[in-house]
Amino acid sequence: MSATLLLQSALAGLTNGFVYALVGLGIAVVFRGTRIINAMQGEFALVGGIAAYLVVERLAGSLWLASLAGVAAGGLLGVLTEVLLVRPTRKRGGTEESYLLLTLGIAFAISAAALYFFGRDARLLPGIGGESSQIMFDAAVRTHALWLMAIASIVMVVLWLFYHRTHIGLSMMAASIDEEGAATIGINVPLMRTLTFLLGGLVGGLAGVLVSPLITLHYEMGLLLTLKGFAAAILGGLLNPFGAVVGGITLGLIESIAVLSVASGYKDVIAMTVLIVIMIVMPQGMLGRGSRKGG
Amino acid sequence: MSALLEVSGVSHGFRGLQVLKAVNLTVKTGSITGLIGPNGAGKSTLFNIVSGFLTPDAGEVRYAGRSINGMPVEQRSALGLVRTFQTPQVFAHLTVHENLIAGGYKASRTGMLANLVGTPASRRELAALKREADRACERFGLSEVRHRLAGGLPAGQQRLLELARACFGKPRLLCLDEPSSGLNTEEVNQLMALLERLNAEGISLLLVSHDMNLVAIASVIHVLCFGEIICSGVLRELQSDPRVREAYLGV
Amino acid sequence: MDRLLTSIRPRTAQALQGGATRGMRGVAIGLALLIAWALVPLVASRSIVDLLVFAALYTIAGLGVSFLLGQCGIVSIAQSVFYGIGAYSTAYLTTHWGWPALACMAVGIGISTTIAFAVGWPILRLSGYFLALATLALAIIGHVLFTEWDWLTGGTLGIGGIPALRIGEYQFNTPQRFYYLVWPIALLLLFAHRNLLHLRTGFAMRAMRDAPAAAAVLGIDVHRLKVQVFVLSAALGAIAGSLLAHYVTFISVDSFGIDRAINFLLLAVLGGARTIIGPVLGALFITIVPHALSGFGDIHAVLFAAFLIATVIFLPAGFGGSLHRLVESLKPSERVDDK
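Residues numbered from 1 in each chain as written. Chains lettered and ligands numbered in written order. Predicted model: local features only at pLDDT ≥ 70, side-chain atom pairs only at ≥ 80, totals over all residues.

Trainee: Is there a simple way to think about the overall build of chain A in this case?
Mentor: Summing up its helical and strand segments, chain A has 11 helices and two strands in all. When the helices and strands of chain A are listed from N to C terminus, the series reads α-α-α-α-β-β-α-α-α-α-α-α-α. For 295 residues, the compact-globule estimate of 2.2 N^0.38 gives 19 Å, and chain A sits close to it at 19 Å. When the backbone C-alpha atoms are referred to their principal axes, chain A occupies close to 60 × 45 × 35 Å. Each of the 295 residues in chain A was classed as buried or not, and the buried ones make up 52%. Partitioning the contacts of chain A with sequence separation of at least 6, the portion at a separation of at least 24 is 76%. (Helix = DSSP H or I, 4+ residues; strand = E, 2+ residues; numbered from the N terminus. Rg over C-alpha atoms; globule rule 2.2 N^0.38 Å. Buried ≥ 20, exposed ≤ 12 C-beta atoms within 10 Å, placed from the backbone. Contact = placed C-beta atoms within 7 Å.)

Trainee: Is there a simple way to think about the nonpolar core in this case?
Mentor: The tendency in soluble globular proteins is for nonpolar side chains to be buried as a group. Judged by nonpolar contacts, the single largest core of 287 residues is most densely connected at A:A231, A:L275 and C:A137. Broken down by element, the residue count for this core peaks at 17 residues, all from helix α12 (residues 222–248) of chain C. For this core, the two domains that each supply at least three residues are domain 1 (3–90 + 155–249) and domain 2 (93–152) of chain B. Excluding anything up to four places from it in sequence, A:L275 contacts A:L227, A:F230, A:A231 and C:A137. (Core = buried A, V, L, I, M, F, W, Y, C linked by C-beta atoms within 7 Å. Domains from an automatic or database assignment.)

Trainee: Explain unusual backbone geometry to me, please; I cannot follow it from the model alone.
Mentor: Glycine aside, residues mostly have negative phi, and peptide bonds are mostly found in the trans state. All names here are of chain B. Unlike most non-glycine residues, A22 shows phi in positive territory, near 45°. Position of A22 among the secondary structure elements: in strand β2 (residues 17–28). Unusually for a residue other than glycine, E178 sits at a positive phi of about 45°. Relative to the assigned elements, E178 resides in the loop between β7 (173–177) and α7 (185–200). Its 19 C-beta neighbours within 10 Å are what place E178 among the partly exposed residues.

Trainee: Whenever I open this one, the interface of chain C and chain A confuses me. Can you help?
Mentor: For interface size, the figure often reported is the accessible area lost on association. On the side of chain A, 36 residues touch chain C, which itself brings 34 residues to the contact. Listing elements by their share of the side of chain C that touches chain A, those giving two or more residues are α6 (101–123), α7 (128–148), α13 (258–271) and α15 (299–314) of chain C. The element best represented in the side of chain C that touches chain A is α7(C), accounting for 13 residues. Tallied by class, the residues present in the side of chain C that touches chain A amount to 27 nonpolar, four polar and three charged. (Nonpolar A, V, L, I, M, F, W, Y, C, P; charged D, E, K, R; others polar.)

Trainee: Quick question: what am I supposed to make of the interface of chain B and chain C here?
Mentor: Facing 35 residues of chain B, the contacting portion of chain C comprises 27 residues. Class assignment of the residues belonging to the side of chain B that touches chain C gives a composition of 15 nonpolar, 13 polar and seven charged.

Trainee: I would appreciate a short explanation of the packing of helix α10 (residues 243–261) of chain A against helix α11 (residues 267–281) of chain A in the present structure.
Mentor: Axis angle and axis distance: for two packed helices, these are the angle between their axes and the distance between the axes, and together they describe the pair. Residue and element names in this part refer to chain A. Where α10 meets α11, the axes come as close as 9 Å, and the angle between the chain directions of the two elements is 135°. Relative to α11, the element α10 lies oblique. As for the relative orientation of α10 and α11, their crossing is right-handed in sense. Taking contact as the criterion, the partners of L251, I254, E255, A258 and V259 in α10 are, on α11, K267, I270, A271 and V274. Split by residue class, the contact of α10 with α11 holds seven nonpolar, no polar and two charged. (Axes fitted to C-alpha atoms, helices over the stretch in contact; angles between N-to-C directions. Parallel < 35°, antiparallel > 145°, perpendicular 65-115°, else oblique. Left-handed = near helix turned anticlockwise from the far one by under 90°.)

Read these as spatial facts, not as claims about activity.
This is the structure we're talking about:
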């Protein structure tokens, strides 16, 4: 196995890793804000990607416009979900089960809708810098991939700042940790929950926009992304802000390196097995810091 | 009287806070032992350690002469070490009668496969459990409500049910966590009488409580303060002990 | 019939069975349903009977998921794996090695339960979300392996030529014949689960569901019980899969993916996971409704998901739960009132 091949794989893994990290970040955002594990996070990505695709294909819009549309679509879906579906569930006494079934149901609804409206074909979105690649140490990596990593990193920093330095971000954290306490100091808790889903949706939509040029856009991608994002989130520790990043990159690298020795069809099996193993062995994650313990 | 439960040198901390510091405590067989102390003293932690819901950082818990460190809750139960909870944990969607039958799990044998098939042994076993449950209802004064869902009972009766259920399996050591919380004076008196009756039948009791009236039935009381047993004795002695006064008033 | 309805409310059973007139009414209803059931293949079209056969198969597989959800609060999306194992065991062993049907089913059950045990033991220690996602991960792994291991499963090309079930010379190779075979099996399994609920293990399960800490204090090994139910659920999946293989005589990997797992979960939730009749209602729903909506094309998948969402929000007890309440309210008021 040549060094170039290894490097190539590592770069691909790194790229994927950032995507998983973004999705995982979205899951962590929603979890930290509402204590709900969002089984439809990947669908935000799917919807974002589809919105971007439609802008490019049907409206002949620029990539910028498409990206904005994608992110906005994700955010919109997040808000609608929270207001129309999560709230009524809460009102009727939402248990862990019911939120899980709810978000799963929505995930499948969206996936099925995508199938119905767009068929089984996979679509490709044009990436930043088109098809061009950069050469790094004899290995080729697409320009878009580099942009992806850069943008994802910026988003992570922005999120951290948001949660720790802005009034709203701190309010959102407070509302999730102690609802009643937060309400007594004047925080609009229901609004915070909606904002949380909005944020999760935005991040998810962005992930979709960024990843669609690299992997194809198809109706099943949501679920897989959700699971891999979830793997990233818990690998890094669900409550740790940088956890999803570390987890995502680790997962992406493991996947890519492993695929060098196994047939590519098994790629998803590897990620899923990693997920199961970490849940059992390390539920608090690598950077674990007082997260939900399994059991 | 020999010691049924021996807690030796048990220490435990949470996130840098030392909640229990080398606690030593004994429950003699056949006795009613009380554990009191101000809020935050570590009573719940100690209780959870004894009943198996928490593993201590250090120290040993011995029960009936053997170390039970790390033994899971269900195994302790099989050995006769049973506890109740501060908020009665009744099975809300089951009737009172069914709650009691569930209490008979330890005393019965048949497994899943036998139950699927519905073997005669399974059915006989259930019939026996039902009869036992009827008897328990009478003993604990629950006969009138035996077919009500446990979730709909008032606190006092839920408390009774939890006790009755715990006693179903003939425990040796019954650990009670704030058993009088949520009860009015009349109910507390009834509870005291009931506990004394159970003790007379051979069940040793470990009682954690805020309620000074309730702990009066104990033959020896330990006072826990800031994770240490500061003194032990009979209630009257303790009430006039300056250390106890300071512990309660100083907090 | 009342016995199917009165899953976990023996009071109801007592109330229904007390009184000669009430008892006779119950028997009359039961008999009517039985006759209706028996007459269906004689009057309905072949395609309807075919649907009802699938309904029975889904009832069996769905019972596993339903039981796990209703009694243990575990959301499992892994049933498609066990369904597939049952189907492929039968398919492979009958076509390649000529084994008899029962032996193949036994193998399918054996493999499913072993895997369920091996994977379940560590996974079932996890909390709700983790567990559900772990089962989903399992479903994906299963689906990929079914696809990749084409030497065993034929991959996307599938396995064909699976012989029909038969007793002596009589073959169950038409929908009508299979209908009369598979529904009694389904009902038998439903009754077995009802037994389970009303005997010692069932009490332990319901205790575990309501207050796990208190259950442990009564000597119930909660973890072990969960694993047992998971294994049982896997066995049901395998049984359904084996029967499927004999019925359709050709199976391919498309039937054993995530959407199948979701169907099973959906029917469990829709039908009402805490009732014994729930899986039947749910299974009938998910087979008949797409047929009724077939004019609309693939949209039924969206509608299903919409139904799942609506049920979760508005009808958490499912159809079975609602039916149950309906039956209760029809009884004359000799009832203990709840707060």
